[in-house]
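Structure at a glance
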Amino acid sequence: MTTLSSPLLTDRAQMLGALARTTHVDMVVVGGGASGLGVAVDAALRGLSVVVLEAWDFAKGTSSRATKLVHGGVRYLAQGNVSLVREALRERMHLLNNAPHLAQRLPFVMPSYKCWETPFYGVGLMAYDGLAGREGLGHTQFLSASKIRQLLPGARQSGLKGGVKYWDGQFDDARLALALARTAALNGALLVNYCPVVEVLHSDGKVSGVRCEDKESGQSYQINTRCVVNATGVWVDQVRQLDAQEAGRELRPMVSPSQGVHLVVDQEFLPGEHALLVPRTKDGRVLFAVPWLGKLILGTTDTPRDDIPLEPRPLAQEVDFILKESANYLQKAPGVQDVRSIWVGLRPLVRPAAESAAGQTQSISREHSITVSANGLLTVTGGKWTTYRAMAEDVLERCQQSGLLGPLPACRTQDQRLVGASYVGDRRSLGRTAGLDAYGSEADWVQTLPGSDQELAPGLSAAMVRFACRFEYARTVEDMLARRSRLLFLDARLAQSVAPAVAAIMQEETGRSPELEAFLELAEQYATVPTV
């Protein structure tokens, strides 16, 4: 059953009016990515008054550039970090249950080209199953070479010895972030994108609020609160610096960024519904070939960076690595000319207590870190999408322990279904082209808007653009084609071609320029593959 109950409007004038009237709240969350939105949902469900301030768009940074996997971390098991894997497997099931329209289980096949690989990796994956227990998604299977050829018809045939099949999860990261934002709003939180925090306020040496500015008008707003949560991902040190300035303290960075590059090609290079995993490439990295929304994602890299750009660019050697390694495992090797889109995510890897040698990002913790400054600024960073809910629960617990908040009711997010999830039916297949399935129980509502029969691109209608403007906080063409629709991430040239039509609808809906030229320039970056 679906419902036609009206979604919550996201009219910007109304949101800014509410922000102007807000003088004091229980919590201000800085950052509208996975961590910040998870905290907002948890806090709102516990009855706290919450404001979320995002400098750009929700999930603009790392949270929209994941490899799209909901996983327990197979490689962490090899490192002996059993508790981390067990937690992630538990959270994997919560995520799949709470957003069935945006997440699903996904079969992986690990082909073996050496006799020792199948038993070696298979035993580890069976242990992975054992840790999942009743929350497992499917049993690990040892497969013959002929079965591998059947499941992975695009995999290299010569030298194939057999392989292993196991199960993990897959999701649409940007749309999950949007579902979190809208779920928080339904439970009383106020969320404003394009409204960066420019000052952390203090009173008697303690954090007492923030000052933010609306990017569109330049209007400044002050919000008083006892609890400021810094959840800005790779940019947490910038907000920490705002706090440290008050005390004149030296600030040691806590994040060491690393970038991961993803190439998107047509799915003809690996037909079917199974993902391919290479657990160890020649240089010791992991290679994925993952079907997603009708395309194939190839990745990823792990390259240290000293800077933190909003739109990081891939390095030619990263592209070369992915294409060369893909050629070792696919019958038909994709080339530069086959890349439909290339995008880069920055990982906020948490520095250990002692300084690491430059470039050793793989030795840095990928678990989340929660710290509270002497002034009372709480910072959360690290972790991964799969464990966003547990991270949020830990943040609320730390708020209580640190005296930033009083006693709180118990966490309610384990079984909290997100916006669009309240329907009964088959799970969406993320291997297929995107479309109305992404809206879950709101799909019928989208169809009531003007332009439901006007297809702008496969899986994208004019009605979806109107829905994004009215109910999903969309302000720019990039918001629409990068995160409400994932077209920029799937086919940058196609996104360029439909951008003018999208811009016209958005201008009609919002009454402002949706920044078409800026999007066309960004799409050119996503379409351009650097070569050695």
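Presented here is an overview of the structure given in this document. (Residues numbered from 1 in each chain as written. Predicted model: local features only at pLDDT ≥ 70, side-chain atom pairs only at ≥ 80, totals over all residues. Heavy atoms only, no water.)

Helix and strand counts for the protein chain come out as 16 helices and 20 strands. By the compact-globule yardstick of 24 Å for 532 residues, the protein chain fits well, its C-alpha radius of gyration being 23 Å. For the protein chain, the residues scored as buried account for 61% of the 532 residues in total. Taking the contacts inside the protein chain whose residues are at least 6 apart along the sequence as the reference set, 72% of them involve residues at least 24 apart. (Helix = DSSP H or I, 4+ residues; strand = E, 2+ residues; numbered from the N terminus. Rg over C-alpha atoms; globule rule 2.2 N^0.38 Å. Buried < 20%, exposed > 50% of the residue type's maximum accessible area, 1.4 Å probe, protein only. Contact = heavy atoms within 4.5 Å.)

As for its placement among the helices and strands, T22 is situated in the loop between α1 (12-21) and β1 (24-30). For T22, a relative accessible area of 16% gives the class buried. In this structure the side chain of T22 is engaged in a polar contact, spanning 2.7 Å, whose partner is the backbone oxygen of A18. Excluding anything up to four places from it in sequence, T22 contacts V51, L190, Q222 and I223. (Polar contact = N/O pair within 3.5 Å; in protein donor to acceptor, adjacent residues only side chain to side chain.)

Tallied over the entire structure, the rule returns 34 salt bridges. For D42, the salt bridge is made with R46, and the minimal N-O distance between the two is 2.6 Å. A salt bridge links E508 to R466; its shortest N-O distance comes to 3.3 Å. Residue E508 is found in helix α15 (residues 492-510), and its partner R466 is found in helix α12 (residues 462-471); the two are separated by 42 residues along the sequence. Overlapping salt bridges, with partners in common, bring together D57, K60, R65, E311, E478, D479, R483 and R484 in one network. (Salt bridge = Lys/Arg side-chain N within 4 Å of Asp/Glu carboxyl O.)

The next thing to look at is the pairing of β1. Of all seven residues making up β1, five are buried, and the element is well covered by its neighbours. Where β1 lies against strand β10 (residues 220-230), six bridges are found, and the strand directions are parallel. By the bridge assignment for β10, H24 is matched with N224. Pairing between β1 and strand β2 (residues 50-53): four bridges, direction parallel. In the sheet register, V30 faces β2, and the bridge partner there is L53. (Pairing = 2+ DSSP bridges.)

On to helix α4 (residues 82-98), then. Compared with an ideal rise of 1.5 Å per residue, which puts 17 residues at 24 Å, α4 spans 25 Å between its outermost C-alpha atoms and is within 8% of the ideal. Residues of α4 that are buried include every one of L84, V85, E87, A88, L89, E91, R92, M93, H94, L95, L96 and N98, and no others. (Expected span 1.5 Å × (residues − 1).)

Summarising the element assignment, E478 is placed in helix α13 (residues 477-484). Each residue touching E478, except ones within four places of it in the same chain, is listed here: K60, E311, R483, F519 and L522.

Taken as a whole and judged by the stated rule, the model has 15 aromatic pairs. Their ring planes at 80° and their centres at 5.1 Å tell us that F120 and Y121 sit as a pair that is edge-to-face. Ring plane angle 70° and centroid distance 5.5 Å describe the contact between F171 and W385, whose orientation is recorded as edge-to-face. With F171 in strand β6 (residues 162-171) and W385 in the loop between β18 (378-381) and α10 (388-401), this residue pair connects regions lying 214 residues apart in the sequence. Taking relative accessible area as the criterion, F171 reaches 1% and is therefore assigned buried. An aromatic cluster of three or more residues is present, and its members are F108, Y128, Y166 and F288. The ring of W292 carries K68 above its face, with NZ or CZ at 5.0 Å from the centroid. (Phe/Tyr/Trp six-rings, centres within 6.5 Å; stacked < 30°, edge-to-face > 60°. Lys NZ or Arg CZ within 6 Å of the ring centre and 35° of its normal.)

It is worth spelling out the pairing of strand β16 (residues 341-350) at this point. In terms of residue burial, β16 counts as a mostly covered element, since ten of its ten residues are buried. Examined bridge by bridge, strand β11 (residues 255-266) and β16 share ten bridges and lie antiparallel to one another. Bridging across to β16, Q259 finds its partner in L346.

Moving on, we come to the environment of L488. By secondary structure assignment, the location of L488 is in helix α14 (residues 487-490). Separated by eleven residues in sequence, L488 and A499 place their C-alpha atoms 10.0 Å apart. Non-local contacts of L488, meaning those with residues more than four positions away in its chain, are made with S341, L481, A482, A495, F519, L522, A523 and Y526.

Another point: the environment of L277. Relative to the assigned elements, L277 resides in strand β12 (residues 275-278). The class for L277 is buried, based on a relative accessible area of 5%. The spatial distance from the C-alpha of L277 to the C-alpha of L287 is 5.9 Å, given a sequence separation of ten residues. With residues up to four places along the chain from it excluded, the contact list for L277 reads F108, V109, M110, P111, Y166, V286, L287 and F288.

What follows deals with α13. A large share of α13 lies buried, amounting to eight of its eight residues. Those residues of α13 lying buried are V477, E478, D479, M480, L481, A482, R483 and R484.

This brings us to the packing of α13 against helix α16 (residues 516-527). α16 packs onto α13 with a crossing angle of 40° between their chain directions and a minimal axis gap of 8 Å. Classified by the angle their axes make, α13 and α16 are oblique. Note on element contacts: α16 touches α13 through L516, F519 and L522, opposite V477, E478 and L481. Considering only residue class, the contact of α13 with α16 consists of five nonpolar, no polar and one charged. (Axes fitted to C-alpha atoms, helices over the stretch in contact; angles between N-to-C directions. Parallel < 35°, antiparallel > 145°, perpendicular 65-115°, else oblique. Nonpolar A, V, L, I, M, F, W, Y, C, P; charged D, E, K, R; others polar.)

Keep in mind that these numbers describe shape and distance, not what the molecule does.
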